[in-house]
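Spelled out, the chains give:
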Amino acid sequence: MLFLAGCSAARGSLVPEPPPVLLPPPAVSTAFPSTPINPAAVQVATPGPLPSPTPSLDSALNFEQLGQESFDAVGWHAGLALY
Amino acid sequence: MGNRRARQINIVDISDPTQPEWIGALPFPDGSQPAELRVLRGQHLLVVADLTSDVSLLTFDISDCSSPHPLGSLVIESQPHEFFLWSNAAHTRAFVATDLAGPPDLLVIDLDDPAVPVEIARWSAADDGLTGPLHSVSVNAVGDTAYLSLSAQSLVVADLELPSIRIRRQEDNSPALAAFPGAHSAVPIAEVPFVVLTAEFYDCPFCGLAFAQLFDPAQPEIVAHIGLQENRCEDLPDEAVFSAHNPLVVDNLVFISWYAGGLVALDVSDPFQPVLIGRFVPSGLGAAAESYVGGYPVQMWSYPILRDGLIYIVGIQSGLYVLRYTGPGAEAVEQIALAEGNVIDEP
């Protein structure tokens, strides 16, 4: 079985459902500088925008979606590990 | 899958990649934010960085996926933000970037005995006349070079002879920088002296992606700076963030999580002229209402992982996606058993 790894800090057992315990929002970095990047100077990667108008949702170029698991309406998913 | 809001790690059975199935969650203590996970399969070792807890680095034996066994933990002086897990036949080490919590900005944790993590080296940008924080770090396969992304400043390369961490300098002894403000991740392109850089901003103008050359170790230089059409910041929807985030390098291909831009694939055979060869933007269905960067439903975030020819990637609000790349070079990609952007595991 493959699984997206995760473990308890103090316990080693699974629980049947995610507890809906929320943390305060993490601090968003305020240390980032005001970006000096000039958007007009950024080379747009070819072949450019997707066939559908940009910005687009539900569009793909050379990718096929096999599966998705949206199981958690309260969390903010982050890092991923495969085992 | 780690989490930055709910104090838990979610476990998904992907034995059928077309139907990934949530099978459970592992709770952490109150106040925890178990966001970052890495695994060494040969050692059956899971390493977790908790972004808020006093116990900030934890190790687990995951020989039995359904019953992980806690091994050890370490309280480190600065809370972690990201880390790179590096292992060869002799040593296992976590290179921990502390971002806003530093200095120290980089901590090297020895995990040779994962039950007893031990700090063996540290580095602070200020000690070298640089400005932190350190957002992320990667290490080459040999383990003698670290690529440091200082979010306020630039890419810096360090030579590792642990416990010594020496940044590269120019002839006049000033630090050798490739200026790239907002630098988030820095990952080398295999076997050639180039590094792919992302930068993270939450407002326009978003930065996109850059490539730095290291032909002259004393003078790294940005040689290409590219973005999506949306990085022009024209007519964007509210709260959509188009920052490139985390890259996976596979030979001459780079796969990047790009927040609202989805998953982007680039051909970097010529790093001076990267070519966009693929892009996946999900529908946004199943997304939670908001995250810390707003309510736009697409926020691709994690380092992509390539395993058995399939790409696994996480969106902050909508969870796990399993994708097949079908563009140029797809046949070679399908033959790759495993590739990760934040782990070196060479037993």
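Brief notes about the overall build of chain B
Of regular secondary structure, chain B possesses one helix and 28 strands. Computed over the C-alpha atoms, the radius of gyration of chain B is 19 Å, within 12% of the 20 Å expected from 2.2 N^0.38 for a compact globule of 347 residues. Along the first, second and third principal axes, the C-alpha set of chain B runs to 55 × 50 × 40 Å. The buried share of chain B, taken over its 347 residues, is 60%. Contacts in chain B between residues at least 24 apart in sequence constitute 48% of all its contacts with a sequence separation of at least 6.

A closer look at the domain arrangement of chain B
All names here are of chain B. Structurally, chain B comprises domain 1 (1-179) and domain 2 (192-199 + 216-347). Taken over C-alpha atoms, the centre of domain 1 sits 20 Å from the centre of domain 2. With 28 residues of domain 1 at the interface, the matching set in domain 2 holds 18 residues. Elements that contribute at least two residues to the side of domain 1 that touches domain 2 include exactly β3 (34-40), β7 (82-88), β11 (134-139), β12 (145-150), β13 (154-161) and β15 (177-179). At five residues, β7 tops the list of elements feeding residues into the side of domain 1 that touches domain 2.

As for unusual backbone geometry
Residues and elements named next belong to chain B. A cis geometry characterises the amide bond from Gly132 onward to Pro133, with omega recorded as 0 degrees. Take Pro133: it is sitting in the loop between β10 (118-123) and β11. In this chain, Leu162 is followed by Pro163 through a cis amide linkage whose omega measures 15 degrees. Mapped onto the elements, Pro163 comes out in the loop between β13 and β14 (164-167). You will see that Asp235, though not glycine, has its phi angle at about 55 degrees, which is positive. Along the chain, Asp235 falls in the loop between β19 (221-227) and β20 (246-250). The phi dihedral of Asp308 is positive, around 50 degrees, even though this residue is not glycine. Position of Asp308 relative to the elements: it lies in the loop between β24 (305-307) and β25 (310-315).

Considering the pairing of strand β23 (residues 275-281) of chain B
The element β23(B) is extensively covered by neighbouring structure, given that six of its seven residues are classed as buried. When strand β2 (residues 59-61) of chain A meets β23(B), the two strands line up antiparallel, connected through three bridges. Across the sheet, the residue bridging to A:Ala60 is B:Phe280, located in β23(B). Of the pairings in the sheet, the one linking strand β22 (residues 263-267) of chain B to β23(B) comprises five bridges and is antiparallel in character. Looking at β23(B), one finds that B:Leu263 is bridged to B:Phe280.

Criteria and cut-off values
- Residues numbered from 1 in each chain as written.
- Chains lettered and ligands numbered in written order.
- Predicted model: local features only at pLDDT ≥ 70, side-chain atom pairs only at ≥ 80, totals over all residues.
- Helix = DSSP H or I, 4+ residues; strand = E, 2+ residues; numbered from the N terminus.
- Rg over C-alpha atoms; globule rule 2.2 N^0.38 Å.
- Buried ≥ 20, exposed ≤ 12 C-beta atoms within 10 Å, placed from the backbone.
- Contact = placed C-beta atoms within 7 Å.
- Domains from an automatic or database assignment.
- Pairing = 2+ DSSP bridges.

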